[in-house]
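Inside the fold
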Amino acid sequence: MAAEIFEKVNQVLEEIETATPKTKEEVEQFRIRFVGSKNVIKPLFGNIKNVDNNRKKEFGQLVNKVKQAAESKFQELKDQVETAADAAEGQQLDLSAPSEPLDLGARHPISITMNRIIDIFQRIGFSVAEDREIEDDWHNFTAMNTPEDHPARDMQDTFYLKNSTEMLLRTHTSSVQARVMKNQKPPIRIIAPGRVYRNETISARAHCQFHQVEGLYVDENVSFADMKQTLMYFAKEMFGADTKIRLRPSYFPFTEPSAEMDVSCFICNAEGCNVCKYTGWVEILGCGMVDPAVFETCGIDSKKYTGFAFGMGIERQAMLRYRINDIRLLFENDTRFLGQFKSAL
Ligand code: DAH
């Protein structure tokens, strides 16, 4: 009896050792018979109960050896079949075929818009000044003539750093005006592009982070007419030669007088559409003559020098140009959205 049982195991072992499956299908047959979940080795373990006690150990070792032999042979066969398949595929490769074109990325619509604005101002002698996004209260507010009790300082609008009443995320790029004026002597002609932060509830129209481009021009005899001319040049370059501008009186703490500038709606040619709310105009920036108090705080002689400044939002311009109806799309980095700007100018 015992001999028979041993014999059966040895037969299986021999079968494994002499098997020569070649094709993928044959290897699969081998797997099913010796390695798969219903393999022929498993039931052999059960026969141990019919083996004499003094040979049980030997029997167990033998069946385990068969099991291992099956597994390692299968691994070997599998590797062989895969290598052969790879080689066959290699022979079918046409090495002279043209390669797949590289999938180029696209510039972000904010970058495209920002770069156009920078380019337009660089052509008339403005240079780029960039500065920190984590700013102190002085540069963001005090130097910009924004008094202590001004609502813009309210915790609700400004992100202060943890446990600080001094350090904050800049709420506008006007803070760069203060940085530049403290370090440079007039004539000053800079634009300051960058990211700004406000504690706004996020919606289709508002975000807690957005981008601005600030402008500052300081010299002797700089007039409101210079500002108007500069901004008109910008509007025509940015939105088309037929663009008209209009200035509406406004208020900013750091300029006096202050204005907001509208451009004629370039989507409907000022005929009226839902973008301009049927007014024919869209607001794009705030501007004004630098308040003498700002000059004095920043160490510039306000009797000798005058200047103008302006600040514009980028998101709004990009959204108008590319008809983007939700500001959140600009910050989600969904490649289905971004991929649409591959050929955008
Ligand atoms: N800092 C203003 C804002 O964020 C924009 C602005 C208005 C900037 C008038 C200026 C300016 O330089 O003169 O709303």
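Our subject is the structure listed above.
Residues numbered from 1 in each chain as written. Predicted model: local features only at pLDDT ≥ 70, side-chain atom pairs only at ≥ 80, totals over all residues. Heavy atoms only, no water.

Moving on, we come to the sheet that holds strand E8 (residues 281-290). With mixed pairing, seven strands are arranged side by side in an open sheet as E1-E4-E5-E9-E8-E7-E6. In the strand order of this sheet, the two ends are held by strand E1 (127-128) and strand E6 (245-252), each with one partner. Inspection of the sheet shows E1 paired to strand E4 (residues 188-197) by two bridges, in the parallel sense. Pairing of Val-128 across the sheet is with Ile-191, part of E4. Helix H7 (residues 174-183) contacts E4, strand E5 (209-219) and strand E9 (306-313) of the sheet and is inclined by roughly 40° relative to E5. In this fold helix H8 (residues 224-239) packs onto E6, strand E7 (255-264), E8 and E9, with an angle of close to 150° to the strand it touches most, E8. (Pairing = 2+ DSSP bridges. Helix = DSSP H or I, 4+ residues; strand = E, 2+ residues; numbered from the N terminus. Contact = heavy atoms within 4.5 Å. Axes fitted to C-alpha atoms, helices over the stretch in contact; angles between N-to-C directions.)

Pairing geometry for E6 and E7, over seven bridges, is antiparallel. Residue pairing in the sheet places Phe-252 in a bridge with Thr-255 of E7. In this antiparallel pair of consecutive strands, E6 and E7, the connection spans two residues.

Counting residues in each nonpolar core, the largest one holds 45 residues, and the members touching the most others are Phe-234 and Phe-310. Taken together, the elements giving at least two residues each to this core come down to helix H5 (109-122), E5, H8, E7, E8, E9, helix H10 (314-322) and helix H12 (335-338). When residues of this core are assigned to their parent elements, the largest contribution, seven residues, is made by H5. By size, the runner-up hydrophobic cluster in this structure holds 22 residues, among which are Ile-5, Val-12, Ala-69 and Ala-70. (Core = buried A, V, L, I, M, F, W, Y, C linked by side-chain atoms within 4.5 Å. Buried < 20%, exposed > 50% of the residue type's maximum accessible area, 1.4 Å probe, protein only.)

For the ligand, the set of nearby residues contains 15 residues, the closest of which are His-172, Ser-174, Arg-198, Gln-212 and Glu-214. Residue Arg-198 places a side-chain N or O atom 2.9 Å away from an oxygen atom belonging to the ligand. Backbone polar atom of Phe-310 to an oxygen atom of the ligand: 3.4 Å apart, as the coordinates give it. In the complex, 88% of the free accessible area of the ligand, which totals 350 Å², lies under the protein chains. Here the residues of the shell around the ligand are counted per class, giving five nonpolar, eight polar and two charged. (Near = heavy atom within 4 Å. Polar contact = N/O pair within 3.5 Å; in protein donor to acceptor, adjacent residues only side chain to side chain. Areas by Shrake-Rupley, 256 points an atom, 1.4 Å probe, with all protein chains shown as cover. Nonpolar A, V, L, I, M, F, W, Y, C, P; charged D, E, K, R; others polar.)

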